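One letter stands for each residue in the lines below.
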Amino acid sequence: MSLFLRKWMVALTGLFLCIFLVVHLSANCILLLPEAVARGMYNAYSTLLRESPLIKVVAYALYLSIILHVVFALLVTIRNRRAKPTPYAVNHHGENSQWAAQNMGLIGIFILVFIVVHLANFWARIKLGMGEGVGLDAQGYVDVYAVTSSLFHNPYYVAFYSLLMIPLGFHLHHGLKSSLKTLGFYHRSGLRVLARVSLFYALIMSVGFGVIPIIVYFK
Ligand code: HEM
């Protein structure tokens, strides 16, 4: 497969994951409501995710996108390293001075560790029934609110979830910008708008996901 197609795969799967994060953060904002309201709403949302056949298809597309995004990003990185094994001598438009752009691989590893721990914390408990402390709610479904609340009453998990949102923010900032560029969004004034939109998106995502565990801890 050509480098061009590989980059397109990284960009398309990345954009799909960006959309998923908007939906995921919006749903997780339920956790900020008072407990009496939040428990019912969060559990109802989570049950809908597991029971709806349509959402199941989207979930499989999501898992596939995560795998393809990592694999193709690795292939592009290896190819780029082979093509230019020495660091840049010239700084093109200041782009290669951006820390996030140069360390996308390293930042990606942090995010991968986060996703593996996160899926073990939630997905494996809720969907596979693994681990302890998974009770049922009044409707007889898994009490996802209780799983979340007990996890975020552990200060180590709060620190883990909140701190890892910093590399996530850097990754999203650079990733959104470069995937839209790869897909053809390349105009001088458009690029400035793109940079601002990416920064805004990354800030909302990292601050949003980062503060939820802290607020739940003090609730
Ligand atoms: C405050 C932070 C977060 C909370 C409370 C949270 C909560 C959850 C919960 C409860 C689930 C299981 C949903 C269900 O099946 O009922 C889940 C799944 C998932 N989360 Fe998160 N999440 C957070 C942040 C993130 C972040 C930052 C990412 C990605 C970087 C992420 C990626 C995923 C993925 C990929 C799944 C699997 C989705 C599925 O199976 O449908 N989450 N999360």
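Given the structure is predicted, the values throughout are model-derived calculations rather than measurements.

1. A short note on the overall build of the protein chain
Then step 1. Helices and strands together make up the secondary structure of the protein chain, namely nine helices and zero strands.
Then step 2. Helices and strands in the protein chain line up, N terminus first, as α-α-α-α-α-α-α-α-α.
Then step 3. Reported as C-alpha extents along the three principal axes, the dimensions of the protein chain are approximately 60 × 35 × 30 Å.
Then step 4. Out of the 219 residues belonging to the protein chain, those deemed buried represent 36%.
Then step 5. Taking all contacts inside the protein chain whose residues are at least 6 apart in sequence as the whole, residues at least 24 apart take part in 77%.

2. A word on the packing of helix 5 (residues 104–128) against helix 7 (residues 155–163)
Then step 1. Direction vectors running N to C along helix 5 and helix 7 enclose 135°, while the axes themselves pass 11 Å from each other. In terms of orientation, helix 5 and helix 7 fall into the oblique class. Taken as a pair, helix 5 and helix 7 cross one another with a handedness that is left-handed. On the side of helix 5, the interface is formed by Val 113, Phe 114, Val 117, His 118, Asn 121 and Phe 122, while helix 7 contributes Tyr 157, Phe 160 and Tyr 161.

3. A closer look at the site of the ligand
Then step 1. Near the ligand, the surroundings consist of 27 residues, among which His 24, Ser 46, Tyr 63, His 118 and Lys 127 are the closest.
Then step 2. His 24 places a polar side-chain atom, nitrogen or oxygen, 2.8 Å from a nitrogen atom of the ligand.
Then step 3. Elements supplying a minimum of two residues to the shell around the ligand: helix 1 (3–28), helix 2 (35–51), helix 3 (53–83), helix 5, helix 6 (144–151), helix 8 (165–182) and helix 9 (188–218).
Then step 4. Considering every element that reaches the shell around the ligand, the biggest residue donor is helix 5, with seven residues.
Then step 5. Looking at the shell around the ligand residue by residue, the class counts come to 20 nonpolar, five polar and two charged.

4. Concerning the packing of aromatic side chains
Then step 1. Per the counting criterion, the structure on display carries 11 aromatic pairs.
Then step 2. Note on Tyr 217 and Phe 218: the rings are 5.0 Å apart at their centroids and 90° apart in plane angle, and the pair reads as edge-to-face.
Then step 3. Judged by its relative accessible area of 30%, Tyr 217 is partly exposed.
Then step 4. Given a relative accessible area of 66%, Phe 218 falls into the exposed group.
Then step 5. One aromatic cluster in this structure is built from Phe 114, Phe 122, Phe 152, Phe 160 and Tyr 161.

5. Comments concerning the coordination of the iron atom of the ligand
Then step 1. Protein coordination of the iron atom of the ligand is provided by His 24 (NE2) and His 118 (NE2), with donor distances spanning 2.0 Å.
Then step 2. What the six donor atoms of the iron atom of the ligand show is an angle range of 85 to 179° at the metal, which sorts the shape as octahedral. Remark: His 118 occurs in helix 5 and His 24 occurs in helix 1; sequence separation between them is 94 residues. His 118 carries the same exposure label as His 24, and that label is buried.

6. A word on helix 6
Then step 1. The element helix 6 is extensively covered by neighbouring structure, given that six of its eight residues are classed as buried.
Then step 2. When helix 6 is considered as a whole, its buried residues turn out to be Val 144, Tyr 145, Val 147, Thr 148, Ser 149 and Leu 151.
Then step 3. Lining the buried residues of helix 6 we find helix 2, helix 5, helix 7 and helix 9.

7. Some thoughts on the side chain of Ser 206
Then step 1. Position of Ser 206 relative to the elements: it lies in helix 9.
Then step 2. Aside from chain neighbours lying at most four places away, what touches Ser 206 is Met 165 and Gly 169.

8. Thoughts on the pattern of salt bridges
Side-chain pairs of opposite charge can arise where the charged atoms are in close proximity.
Then step 1. Scanning all chains against the criterion turns up two salt bridges.
Then step 2. For Glu 35, the salt bridge identified is with Arg 39, shortest N-O distance 2.8 Å. Of this pair, Glu 35 and Arg 39 both sit in helix 2, four residues apart, which is roughly one turn of the helix.
Then step 3. The shortest N-O distance in the salt bridge between Arg 39 and Asp 143 comes to 2.8 Å. Residue Arg 39 is located in helix 2, and its partner Asp 143 is located in the loop between helix 5 and helix 6; the two are separated by 104 residues in the primary sequence.
Then step 4. Note on Arg 39: relative accessible area 29%, which makes it partly exposed.

9. Topic: the state of the cysteines
Then step 1. Tallied over the full model, the rule gives zero disulfides.
Then step 2. Sulfur of Cys 18: no disulfide; nearest cysteine sulfur belongs to Cys 29 and is 17 Å away.
Then step 3. Among the residues examined, Cys 18 registers a relative accessible area of 10% and is labelled buried.
Then step 4. Cys 29 gets classed as partly exposed once you look at its relative accessible area, which sits at 34%.

Definitions and limits used
Residues numbered from 1 in each chain as written. Predicted model: local features only at pLDDT ≥ 70, side-chain atom pairs only at ≥ 80, totals over all residues. Heavy atoms only, no water. Helix = DSSP H or I, 4+ residues; strand = E, 2+ residues; numbered from the N terminus. Buried < 20%, exposed > 50% of the residue type's maximum accessible area, 1.4 Å probe, protein only. Contact = heavy atoms within 4.5 Å. Axes fitted to C-alpha atoms, helices over the stretch in contact; angles between N-to-C directions. Parallel < 35°, antiparallel > 145°, perpendicular 65-115°, else oblique. Left-handed = near helix turned anticlockwise from the far one by under 90°. Near = heavy atom within 4 Å. Polar contact = N/O pair within 3.5 Å; in protein donor to acceptor, adjacent residues only side chain to side chain. Nonpolar A, V, L, I, M, F, W, Y, C, P; charged D, E, K, R; others polar. Phe/Tyr/Trp six-rings, centres within 6.5 Å; stacked < 30°, edge-to-face > 60°. Donors = N, O, S within 2.8 Å, 3.2 Å for Na, K, Ca; no water. Tetrahedral: all angles 85-135°; square planar, octahedral: opposite > 155°, others 65-115°. Salt bridge = Lys/Arg side-chain N within 4 Å of Asp/Glu carboxyl O. Disulfide = S-S within 2.5 Å.

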